[in-house]
Structures are given as C-alpha cells and as structure tokens.
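# Remarks on the overall topology
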Amino acid sequence: MADREFEKLVEQVTAQVHARLATVTPGKLPVLGDRSECTATKSNCAGDGQCAVRKQAVVEEMMNRGAVRFSAAPGIAEPASHIAQTIDHTLLKPEATESDVRKVCEEARKYRFATVCLNSSWIPLAARLLSGSGVKPIAVVGFPLGAATTNAKAFETREAVRAGAGEIDMVINIGELKSKDYVYVLRDIEGVVAAAGNAPVKVILETGALTDEEKIVACSLSKAAGAAFVKTSTGFGPGGATVKDIELMRRIVGSDMGVKASGGVRSREDWEKMVAAGADRIGASASVAIVQGKVGTSKY
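Now for a quick tour of the structure. Quantities reported herein were computed from a predicted structural model and do not represent experimental measurements. (Residues numbered from 1 in each chain as written. Predicted model: local features only at pLDDT ≥ 70, side-chain atom pairs only at ≥ 80, totals over all residues. Heavy atoms only, no water.)

The number of helices and strands found in the protein chain is 11 helices and 8 strands. Long-range pairs, those at least 24 residues apart, make up 66% of the contacts in the protein chain with a sequence separation of at least 6. As displayed, the protein chain offers around 13900 Å² of accessible surface, 51% of which is attributable to carbon and sulfur atoms. (Helix = DSSP H or I, 4+ residues; strand = E, 2+ residues; numbered from the N terminus. Contact = heavy atoms within 4.5 Å. Areas by Shrake-Rupley, 256 points an atom, 1.4 Å probe, with all protein chains shown as cover.)

Printed below as a string of structure tokens:
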C-alpha cells in the first residue's frame, strides 16, 4: 500500500472510530501514527524519559526486558541484539502434557528466553519451574477464539496473575470487531487490562482473519484501552505473522506500544524479517531452532 493511500485509509478509519466512541469515551482515543521526532540538542534536552540516543543504560535495560527495535540518531550504534530475550517460548497445543511444559521451561532457563507462553492451567507449574530465573510465565486468555464474555476473560486473567503469570496475551473479540461494535471491543480489552493489574497485556488480533481497516481499528482500540502490545496471531487461526502486517501495526501504534509477531516464525531469517519490520517480541515454539540458527517445524 502506497504511503498516500495508507494515510488516507488511516484518516478514514480514525474518523469512523472516533465517531462511534465519541459519545462514550470522549477524548480517549489516541491519535494514530503520531511519530513526531525529537529535535532537542544535548544542551537543551529537558527530557527525563527513555531516550535511546542519550541514555544508553536505559536502552540496555530495555533490551534485557525484550526490546530489540530503537530509533537512534545517525552515528549512534544500536545495542547488540539479544535474540533469545526477544522470544516468548510458546507451548499452546491442547494436548501438551506436564512433561512438555517442564521441557519448555527448562529450555527457557537454559537459553534465557523472555517468557514462556502457556495455557492458563499450566501457569502454577511454570511459575514454580521458572522462579528465580528471570523468565516470566505468560498466560493466554480467551484463547484461541476471543469469543468469551468480558467477565470470563477478566476472571481468567485474575486467576492467571494470582497463579504467577507475568504477562497476559488476550484474544480480541473478532466478531464484535467485524460487527463494528467498537465500544464493546474497547470495554473488553479494558476489562482484561484492569484485571491484569501491573501485568502487561498483549492483544491478539488474529490478523489473518481481518481486513487492513479492521487491523487499524483493532490497533487503535488496543492502544486506547491501555494494552502494552498488539500481537498478530493465535497460531490456530488463518495465516500467521507477515512482514506486511507487522509494518502496518507498527505504523499505527507508533513507538508507544510493543508489537509481537506470532504464528509461523520458525527460523533466524524469519526472526530477522519480523524485527526489521518493527516487532519487539516474537512468539514461537521453534525458539531453540531460531537461536541456534536452524529451522523449526512447528506451526506456531
């Protein structure tokens, strides 16, 4: 999609979403794609935030937490890429056994992956196995369809966090999104964000089932609801992560949110393409193959 066409589509979708939400959430929806650059010089910089140009220690800490993509001034070298620390080591197949869960947790400790992503029933075990390792358990919520009620998602979220989940990956309500009930979708995400407390929430869009317009709306609503990341896919729906979708999602959320590529990322080459497109986090079950420079065979 050409830049002019893209910007026109964003404007149209933004107007539609604002119109639908204006009466219930006045002033809440963020401006899409606001990526104005800092023009301060070193002598007049008054900022105290996380500046990638002048605060190398902050950048390194962000890298340790899984970030891989920073904008820097010409001549400023980016920190070394820590591949394993960008990966959510994933096991979501319904037939997964306790032995399987123990294996992925052992792998996560060995390779220092950012997290282990599991169905919520396995979180208590994973929390014990990962204790003291710096690797966080992630629970998926409303997975994989996203069609559960908001109260059910919020309950599942609270239970997962209580059991030790450090992050929550929720599935957006795809049917309500396609029905253009944006208030419902916003409230649904807000309910999970509130239930998660301090645990960051990623919103799985299931991009393979959406139009570009729906992806733009979903990213906007996720940002407005206070989510920390937008994520491409469950790995159980149509398609998976694509460079095109990661680029689109990054253009919409700007630098304020994370973007997670999941579904079909099986190799170091796949990882490099997704990171170059704008992904901060990678969801994969082929995580070991990726860090070893091999090609995995798993769908997710």
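Additional details are given in the paragraphs that follow.
A word on helix α9 (residues 243-253). Every buried residue of α9 is accounted for by Asp245, Ile246, Leu248, Met249, Arg250, Ile252 and Val253. Contacts made by the buried residues of α9 are with α1 (3-21), α8 (212-224), β6 (229-231), β7 (258-262) and α10 (268-277). Looking one or two places after α9, you find Gly254, whose phi comes out positive at around 65°. (Buried < 20%, exposed > 50% of the residue type's maximum accessible area, 1.4 Å probe, protein only.)

As a further point, take the side chain of Asp188. Looking at the element boundaries, Asp188 is found in helix α7 (residues 182-196). Apart from residues no more than four positions distant in its own chain, Asp188 is found in contact with Thr149, Thr150, Lys153, Met170 and Asn173.

Pro144 follows Phe143 through a cis peptide bond whose omega is 0°. Locating Pro144 in the fold gives a position in the loop between β3 (136-141) and α5 (150-163). Here the phi dihedral of Lys180 falls at roughly 65°; this positive angle occurs in a residue that is not glycine. Looking at the secondary structure, you find Lys180 in the loop between α6 (174-178) and α7. With relative accessibility at 32%, the residue Lys180 sits in the partly exposed group. Phi at Glu206 is positive, roughly 55°, even though this residue is not glycine. Tracing the chain through its elements places Glu206 in the loop between β5 (201-204) and α8.

As a further point, take the pairing of strand β2 (residues 115-119). Of all 5 residues making up β2, 4 are buried, and the element is well covered by its neighbours. Relative to β2, strand β1 (residues 87-91) runs parallel, the two being bridged by 4 bridges. When the bridges of β2 are listed, His89 appears paired with Val116. Considered for its hand, the β-α-β crossover made up of β1, helix α3 (residues 98-111) and β2 is right-handed. Sheet topology note: the β2/β3 ladder contains 5 bridges and is parallel. Residue Asn119 lies in a different strand from β3, and its bridge partner there is Val140. (Pairing = 2+ DSSP bridges. Right-handed = clockwise from strand over helix to strand, strands pointing away.)

Here we take up the packing of α1 against α7. The description of two helices packed together rests on the angle between their axes and the distance between the axes. It is the contact of α1 with α7, at a shortest axis distance of 9 Å, that shows an interaxial angle of 80°. In this view, α1 runs roughly perpendicular relative to α7, as classed from their interaxial angle. The segment α1 lies against α7, with Val17, Arg20 and Leu21 engaging Tyr182, Val183 and Leu186. Residues that form the contact of α1 with α7 fall into these classes: 5 nonpolar, no polar and 1 charged. (Axes fitted to C-alpha atoms, helices over the stretch in contact; angles between N-to-C directions. Parallel < 35°, antiparallel > 145°, perpendicular 65-115°, else oblique. Nonpolar A, V, L, I, M, F, W, Y, C, P; charged D, E, K, R; others polar.)

Note that side chains of opposite charge can pair when their charged atoms are close. Following the criterion strictly, the structure yields 22 salt bridges and no others. Between Lys231 and Asp169 there is a salt bridge, and its shortest N-O distance comes to 2.9 Å. Taken together, the positions of Lys231 in strand β6 and Asp169 in strand β4 (residues 167-171) put the pair 62 residues apart, joining distant regions of the chain. With relative accessibility at 0%, the residue Lys231 sits in the buried group. Each member of the salt-bridge network shares a partner with another, and the members are Asp88, Lys136, Glu167, Asp169, Lys202, Lys231, Lys260 and Arg281. (Salt bridge = Lys/Arg side-chain N within 4 Å of Asp/Glu carboxyl O.)

Turning to the sheet that holds β6, a few remarks are in order. The strand order around the closed barrel built from 8 strands is β1-β2-β3-β4-β5-β6-β7-β8, with neighbouring strands paired in parallel fashion. On average, each strand axis in the sheet is inclined to that of its neighbour by 25°, with strand direction left out of account. Inspection of the sheet shows β7 paired to strand β8 (residues 281-284) by 3 bridges, in the parallel sense. Residue pairing for β8: Lys260 is matched across the bridge by Arg281.

Fair warning: the whole summary comes from geometry, so function is off the table for now.
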